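# Observations on chain architecture
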Amino acid sequence: MIFEARGLTKRYGGLTAVSGVDMELAQGDLVGLIGPNGAGKTTCFNLITGADAPTSGTIRFKGEDVTRARDFQMARKGVARTFQNIRLWKEMDVLDNVRAVCRAGEPCGFAAAALRLPRFRRVERAVTEKATSLLQRLGLGDVLAESPGDLPYGDQRRLEIARALALDPDLLLLDEPAAGMNPTEKARLMETVRDLRREFDLTILLIDHDMKFVMGICERIYVLDHGERIAHGTPAEIRCDKKVIEAYLGSEC
Amino acid sequence: MSGELLFWLNLLVTVGIYTLLAVSLNLINGHAGMFHLGHHGFWALGAYAATWLTLNAASLPGPLLYVLSLLLAMAVAAIGGLTIGIPCLRLRGDYLAIATLGFGEIVRIAVQNSPHDFLGGSLGTKVPRVLMEVTRTTQVPFRFLTLAIVAVACAAAILVFRNFLRSLPGRRLLAVAQDETAAGLLGIDPTRSKVLAFVMGSAVAGLAGGLYAHYMGGINPLNFNFMEMVKMFLVIVLGGMGSLSGCVIGAFLVVATEQLLNRAPEAIASWWQVLFPLILALMIVFRPQGIFGRKEITDMIRAWRRSPA
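Just so it is clear, the structure is predicted and the values come from calculations on it, not from any experiment. In every chain, residue numbers begin from 1 and rise along the written sequence. The naming scheme follows written order: chains are lettered A onward, ligands numbered 1 onward. With pLDDT at 70 or above as the cut-off, local features in this predicted model cover only qualifying residues; side-chain atom pairs require 80 or more to be listed or tallied, and sums for whole chains, interfaces and linings still use all residues. To obtain the side-chain values, all non-hydrogen atoms of the structure were used and water was disregarded.

Bringing the interface of chain B and chain A into the picture now. Contacts between residues were defined by any pair of non-hydrogen atoms, one from each residue, lying within 4.5 Å. Opposite the 27 residues of chain B that make contact, chain A presents 33 residues. Summed over both partners, the accessible surface that disappears when two parts come together, traced with a 1.4 Å probe, is what is meant by buried area. Summed over both partners, the interface of chain B with chain A comes to about 2,600 Å²; 60% of that surface belongs to carbon and sulfur atoms. When the buried surface of chain B facing chain A is broken down by residue, Arg171, Leu185 and Leu186 of chain B rank first, second and third, together holding 30% of it. Between Asp96 of chain A and Arg171 of chain B there is a salt bridge; the shortest N-O distance is 3.2 Å. Any pair of nitrogen or oxygen atoms within 3.5 Å is treated as a polar contact; in protein, a donor-acceptor pairing is required on top of that, and neighbouring residues in sequence qualify only through side-chain atoms on both sides. Joining chain B to chain A, the criterion identifies 13 residue pairs in polar contact (both at pLDDT 80 or more). Under the DSSP-based scheme used, a helix requires at least four consecutive residues in state H or I and a strand at least two consecutive residues in state E, with every element numbered from the N terminus. Counting residues per element, the ones that place at least two in the side of chain B that touches chain A are helix H6 (140–165), helix H7 (168–178), helix H8 (180–185) and helix H9 (190–216) of chain B. A total of seven residues in the side of chain B that touches chain A trace back to one element, the largest contributor, which is H7 of chain B. Salt bridges are identified by distance alone: a Lys or Arg side-chain nitrogen within 4 Å of an Asp or Glu carboxyl oxygen.

Here is the structure:
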C-alpha cells in the first residue's frame, strides 16, 4: 500500500467532519471519493495533504507515519493536489506558476540567486526545462508568458495539474477536476488523467460530483456521508449499493 | 553657490538613504505582502550598531572602520529581523502590523532610556567623522563621496533584490505572498520564505542606518520616530507596492518635497506633516497601486519599444 489511513477523524468543536474513515491506495490506483455536499470529502483531502491535522487516526504514506506532517512536508514527500476553487498565483505568468514549485536536484540559496552564481544558472536552466516540458505535455506550451487569470477555465484547471506534477508526486489528489467543464472537455480530461497516471507513475485520488466522470474513470470508489465511510467498491457495486442510493445517487439502478 | 551645491548634494544623499529604506520595506510589504510597520526600528539598529563600533574601535584607520561599521550595521539589523521575524511571522495582517510597530517603538524608546554613557541615551551621540581622513572636510568633497557610496549601495541593493525576485526562492516568496495556502500545499515553506524576506529587508535597512549615522555625524533617538516610518510607507505607496523602480522615484518625490518645503518660510514648512498623510490618503483612494503598480521601468521601456510607433 502506498497510502493507508486508519480511523481518520476530524472534529471541529462539536461538529465531526470526518469520522473513523479507513482508506487504502495501492501504487497506480485510480480511486474516486464521492458523497453529498458536506460529507467530508474536502476535509479528507485536507487531512491527507497535511493542511489540517486529524483529531485521531493515523496516516501512512510510503510506509512512513505522516499523521503529523505539515502541508509543505507532505508535498515534498510526494503528495500533490489541485483545488476545487482554482488557486493559481495570478500575478505570476503561467511558466512561473510551475517554476515556483519545481525542485531542482540542488537547492538554490539566496546567495547564489542574488549574485547570479553558476549554481543559480544551472538550477534555473533545469527548472525552466522541466516546467516548460510539463506545460507542453498539458497543452499549455503556447501560453507560457500569459497571466493565468486570462486563460480559459479548462486551461486553468490543466495549469493546476501541471503545477502539481512539478512536485514529482507519487500521489495526486484532484479536487473536482471536471467541475465547470462541458461534456467534450470532460471526455478529454478523462483521457488526460489516464495518460498522466501511466506516464508519471501516479496514484490518483479524485473528488467529483459528475457520476459519469467518476464511474467512467475510477476503478474503485469510496463513498462518504456525514463524515462516515458508507460504502467502498467498484463503480458497478457502488451504483447498486442501497445506502449510497439513499444518501447520494437517488434511484439509478 | 557652494550653499546651493551643498543643498542639492544633501538632498540626493537623503534620497539615496530613503531609497534603501524603501526598497527594503517594499520587499517585505510589497513583494512579500506582509504588513510591517517597524522598519524605523531596523534603521535605528543599524545606525546605533555602526555608531557603537565607530566609537569603540577608534584606533582603526577611518575607511576600514567605515566599511566594518556598515557590515556590523547590516548584521545587527539582520539578527534583529530574524529575532523579531520568527515569532511575529505567524501573525497575519493587522496583528503583524501591531507587533512590528511595537518592535520599532521599543528600539527607539530603549535607546532613549539608556544611560547617557551608552550611545548617548535620549540626548543622542556624536559619530566620529571617520571619512574625514579621506575628504579633510565635511563640506562638498565629503558629500560627494557619501553620495557616491550611497549610490553604489542603492544600485547593489536593487540589483540583489531584482536578482532574488527572479530566482527560485524569489518566486516562492511571491507565491506565498499571493496565496499562502496554495504555496504550502505545493511544497513551499511559507515561514521560511517570509523570514528570508524579513532578514534581507532588515539588513538593508540596517545598511541605510549605518550610512545615515556616518553622514549626519550625530544621531539621536528622535531621528527614528514613527513619522519616519510613515514617510517610508508613503514612498512605497507613492511609487508602487512591489516595484523597485517605484521606490527610487517615490523616494525622490518625497524627499525633494520635504527639503524644498524646508527652505520655505516656517509658516509653510511645517505643513509637510499635513501634506504627507494627505498624499498618502489620496493615493490610497485614487491610485492604490501607486505610480508604477507592480511594474518596473525596464518593463515599461520594453512595452513601449514593442508597441507600434
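Below, the discussion takes up the side chain of Asp29 of chain A. All names here are of chain A. Along the polypeptide, Asp29 turns up in the loop between strand E2 (15–25) and strand E3 (30–34). Overall, Asp29 belongs to the buried group, its relative accessible area being 15%. In this structure Asp29 touches Glu24, Arg197, Leu202, Thr203, Ile204, Glu219 and Arg220, once residues within four positions along its chain are discounted. Exposed residues in this analysis have more than 50% of their type's maximum accessible area, buried residues have under 20%, and partly exposed residues fall in between, with area computed by a 1.4 Å probe over protein chains only.

As used in this record, nonpolar core signifies buried Ala, Val, Leu, Ile, Met, Phe, Trp, Tyr and Cys residues forming a set joined through side-chain atoms within 4.5 Å. Membership of the largest hydrophobic core comes to 152 residues, with the highest contact counts inside it found for Trp89, Val98 and Leu206 of chain A together with Leu20 and Trp43 of chain B. No other element matches the 14 residues that helix H1 (residues 2–31) of chain B contributes to this core. Sequence-distant contacts of Trp89 of chain A, that is, excluding residues within four places in its chain, are made with Asn97, Ala100, Val101, Pro148 and Arg163 of chain A together with Ala175, Gln178, Asp179, Ala182, Ala183, Leu186 and Ile188 of chain B. Within the second largest apolar cluster, 27 residues are counted, among which are Ile2, Met23, Ile48 and Leu205 of chain A.

Let us now look at the packing of aromatic side chains. Side-chain rings of Phe, Tyr and Trp (the six-membered ring for Trp) are treated as a pair once their centres are within 6.5 Å; stacked means planes under 30 degrees apart, edge-to-face means over 60, and tilted covers the remaining angles. In this structure the tally under the stated criterion is 11 aromatic pairs over all chains. Measuring from centroid to centroid gives 5.3 Å for Phe7 of chain B and Trp8 of chain B, while their planes differ by 85°, and the two rings are edge-to-face. Owing to a relative accessible area of 35%, Trp8 of chain B belongs among the partly exposed residues under this scheme. Joined through ring pairs, the aromatic side chains of Tyr18, Trp43, Tyr48, Tyr212 and Phe224 of chain B make up one cluster. Looking at Arg163 of chain A, its charged tip hangs above the ring of Trp89 of chain A, at a distance of 4.4 Å from the centre. We count a charge as sitting over a ring when the NZ of a lysine or the CZ of an arginine lies within 6 Å of the ring centre and within 35 degrees of the ring normal. One cation-aromatic arrangement involves Arg263 of chain B over Phe7 of chain B; the distance from NZ or CZ to the ring centre is 3.8 Å.

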